[in-house]
Amino acid sequence: MVTSLASETPVSIPLHDFTTMLNFSRSVFALKDNPAYLKLLEPYLPEMAKIKTQWPSVLMGFDFHLTPDGPKLIEINNNAGGLYIGDNRWMPQPVIAELPGSLEIRLTEMFHGDWTTIAIMDEDVTNQYMYPEMQAYAVLLEQQGRHVVVVSPEDIQRTNDGLFVNDVRIDAIYNRHTDFYLEAADVAHVRAAYEIGQVVINPHPRSYALIGDKSRMVDWWREGLLEQCVDSDAVESIRAVTPQTVQLAEFDRDRAWAERKQWVFKPSARHGGKGVVLGKAMSRKRFESLDIEETIVQQLVPASMVEVEGQSMKFDIRLYMHGDKLIALAGRAWRGQVTNFREPGSGWVPLSVEG
């Protein structure tokens, strides 16, 4: 399967909302190099996230809902997909100054010139929904003269000299696997090679830990933390876009249950809507079963609505970033509780920026 389009016709978003989302994404990225922020987080980072990197993570996806009070962050994805729409086509992009050149050029420029042999890796890769997209990235990169393979972890062998696929040494792994810290047994050999610098991994564990982990949204709302890192205007702008977010372990349980309709309950370590429960739809039994140390509670921000092909649908926006550079924009339109595109007519939509 490939990315499903709900419409070929772009959905218009206001320029001021676009500017807010882009500025927010850049402000959050800047935190990863903020000495005070790093010092405060260092004790809580997994060992894999302490490995320093020189190159930004490719395709960090910032997902937003539009509201009357401006855009609100829903999630940050460490390995965002959805740009390839099949038949050698990529998601059409708006003609704006922030997106110079073609999408294909912007995509390939994210991959450092020293990475001449690249493995695009995911769990059970040929059965992944986004497998055609991964193949499309391989074609793009091969057109630059690089050697690219699309593989599962077990297709990669480790020797004393590094990681190999079919006797070709791998310089870098474009990691589509959602085990961001490489903790599972199937990627133990990849982890070992990364730890001693035998291979580059991107997106890398450090970007997930410092930006993508949902626990960071808790930190941004933790009283006094951001205030030690950035000025008051930056604190205000980050919190204006990030819905109030707290750790369930630090939230009064009786209050959380009583006010559940105002909150969304999310596993801190998952992505893409997996395990997310709307408080208004949650039973007492499910509430009592939540792991308080692994669950975050976030202010409910209903999805905005948009007219697509004559039908009213829920809608959100994704900014694809490489560091502080905008790579692409896309919208998602759907019915139902989450953005799984199971309902007929649901899918991705191109965007235009107006105003």
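Above: the structure in question.
What counts, and where the lines are drawn
- Residues numbered from 1 in each chain as written.
- Predicted model: local features only at pLDDT ≥ 70, side-chain atom pairs only at ≥ 80, totals over all residues.
- Heavy atoms only, no water.
- Pairing = 2+ DSSP bridges.
- Helix = DSSP H or I, 4+ residues; strand = E, 2+ residues; numbered from the N terminus.
- Core = buried A, V, L, I, M, F, W, Y, C linked by side-chain atoms within 4.5 Å.
- Buried < 20%, exposed > 50% of the residue type's maximum accessible area, 1.4 Å probe, protein only.
- Contact = heavy atoms within 4.5 Å.
- Axes fitted to C-alpha atoms, helices over the stretch in contact; angles between N-to-C directions.
- Left-handed = near helix turned anticlockwise from the far one by under 90°.
- Nonpolar A, V, L, I, M, F, W, Y, C, P; charged D, E, K, R; others polar.

A.B. asks: Sorry if this is basic, but what is going on with the sheet that holds strand S16 (residues 295-299) here?
C.D. replies: What links the strands of a sheet is backbone hydrogen bonding, and the strands pair in either a parallel or an antiparallel sense. An order of S13-S16-S14-S15 is seen for the four strands of this open sheet, with the pairing classed as antiparallel. The outermost strands of the open sheet, each flanked by one partner alone, are strand S13 (245-247) and strand S15 (277-278). Sheet analysis places strand S14 (residues 263-267) next to S16, joined by five bridges and oriented antiparallel. Note on S16: the bridge partner recorded for Trp263 is Gln299.

A.B. asks: For this particular structure, what's the right way to read the nonpolar core?
C.D. replies: Considering soluble globular proteins, one finds that nonpolar side chains tend to be buried as a cluster. Among the nonpolar cores identified, the biggest contains 50 residues, and Ile13, Phe24, Phe62, Leu73, Trp220 and Leu319 are the most heavily contacted of them. At seven residues, the largest contribution of residues to this core is made by helix H1 (residues 15-31). Residue contacts for Phe24: discarding those within four places in its chain leaves Phe62, Phe64, Leu73, Trp220, Ser237, Ile238, Val241 and Thr242. In terms of nonpolar packing, the next biggest core, distinct from the first, is built from 32 residues, Leu59, Ile85, Met91 and Ala136 among them.

A.B. asks: How should I be thinking about the packing of H1 against helix H8 (residues 232-241) in this particular structure?
C.D. replies: To describe two helices that pack against each other, one gives the angle between their axes and the distance between the axes. In the contact formed by H1 and H8, the axes pass within 10 Å of each other and the chain directions differ by 120°. Along this stretch, H1 crosses H8, giving a crossing that reads as left-handed. The segment H1 lies against H8, with Thr20, Phe24 and Leu31 engaging Ser237, Ile238 and Val241. Grouping the constituent residues of the contact of H1 with H8 by class yields four nonpolar, two polar and no charged.

A.B. asks: For this particular structure, what's the right way to read the sheet that holds strand S11 (residues 172-175)?
C.D. replies: Within the open sheet, the four strands sit side by side as S7-S6-S11-S12. Their pairing is parallel. Pairing within the sheet leaves two strands with one partner each, and these edge strands are strand S7 (147-151) and strand S12 (200-202). Here the average twist between neighbouring strands, direction ignored, is 20°. Contacts between helix H4 (residues 131-142) and the sheet are confined to strand S6 (117-121), S7 and S11, with S7 contributing the most and set at about 170° to the helix.

None of this, on its own, says anything about what the molecule does.
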